[in-house]
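Architecture at a glance
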Amino acid sequence: NRVQDSRIGVDARMLSYEKASLVNDKISRTESRFVYPPQNLVDLIWKDKPQKSKAPIFLQPIEFSGMFLAEHRGWIL
């Protein structure tokens, strides 16, 4: 059973402490747990990763983003 006694690699920068704790509590019932690799696992295998953009940040039009900025901030905060 893959669920039992699993180790799940997580980028700690992408998951809040609160969410990690909540999920960890649920998966610990199956003796599974999060592990936090020192390097992002996707970065290890992404060979042709583009350079980070130096372009200024801009707001996407609603037809691309799906919600207005105020709604989005409320959703993520």
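Structure: see above.
A brief report on the enclosed structure follows. All values derive from a computational prediction rather than experimental measurement. (Residues numbered from 1 in each chain as written. Predicted model: local features only at pLDDT ≥ 70, side-chain atom pairs only at ≥ 80, totals over all residues. Heavy atoms only, no water.)

1. Overview of the overall build of the chain
Just so we agree on the cut-off: Numbering of helices and strands runs from the N terminus, with a helix taken as a DSSP run of H or I at least four residues long and a strand as a DSSP run of E at least two residues long. Under the scheme applied here, a residue whose accessible area is under 20% of the maximum for its type counts as buried, over 50% as exposed, and between as partly exposed, the area being computed with a 1.4 Å probe on protein chains only.
Summing up its helical and strand segments, the chain has four helices and two strands in all. Written out in order from the N terminus, the α and β elements of the chain read β-α-β-α-α-α. The buried share of the chain, taken over its 77 residues, is 8%.

2. Some remarks on the packing of aromatic side chains
Put simply, the rule is: Any pair of Phe, Tyr and Trp rings, taking the six-membered ring for Trp, is counted once the centres come within 6.5 Å. Such a pair is stacked with planes under 30 degrees apart, edge-to-face with planes over 60 apart, and tilted for the rest.
According to the stated counting rule, one finds one aromatic pair in the structure shown. Relative to Tyr 36, the ring of Phe 34 has its centre 6.2 Å away and its plane inclined at 65 degrees; by these criteria the two rings are edge-to-face. Judged by its relative accessible area of 10%, Phe 34 is buried.

3. As for unusual backbone geometry
Here the phi dihedral of Glu 31 falls at roughly 60 degrees; this positive angle occurs in a residue that is not glycine. Using a relative accessible area of 55% as the deciding quantity, one classes Glu 31 as exposed.

4. Some details on a nonpolar patch on the surface
Filter applied, for reference: Exposure above 30% relative accessible area and the lack of any salt bridge qualify a residue for a patch; like charges then connect within 9 Å, and the nonpolar side chains Val, Leu, Ile, Met, Phe, Trp and Tyr within 5 Å. Working definition of accessibility: Shrake-Rupley area with a 1.4 Å probe, residue cover restricted to the visible protein chains. Here, a salt bridge means any side-chain nitrogen of Lys or Arg that lies within 4 Å of a carboxyl oxygen of Asp or Glu.
Taken together, Leu 41, Leu 44 and Ile 45 make up a surface patch of nonpolar side chains, about 300 Å² in accessible area. You can call Ile 45 exposed: its relative accessible area is 65%.

5. Comments concerning the pattern of salt bridges
Counted by the stated rule, this structure contains three salt bridges. Two residues, Asp 5 and Arg 7, come together in a salt bridge whose shortest N-O distance is 3.2 Å. The class of Arg 7 is partly exposed, set by a relative accessible area of 42%. Its salt-bridge partner being Asp 43, residue Lys 49 comes within 2.8 Å of it at the nearest N-O pair. Lys 49 sits in the partly exposed class, given a relative accessible area of 40%. Take Asp 43: its relative accessible area is 30%, and that puts it in the partly exposed class.

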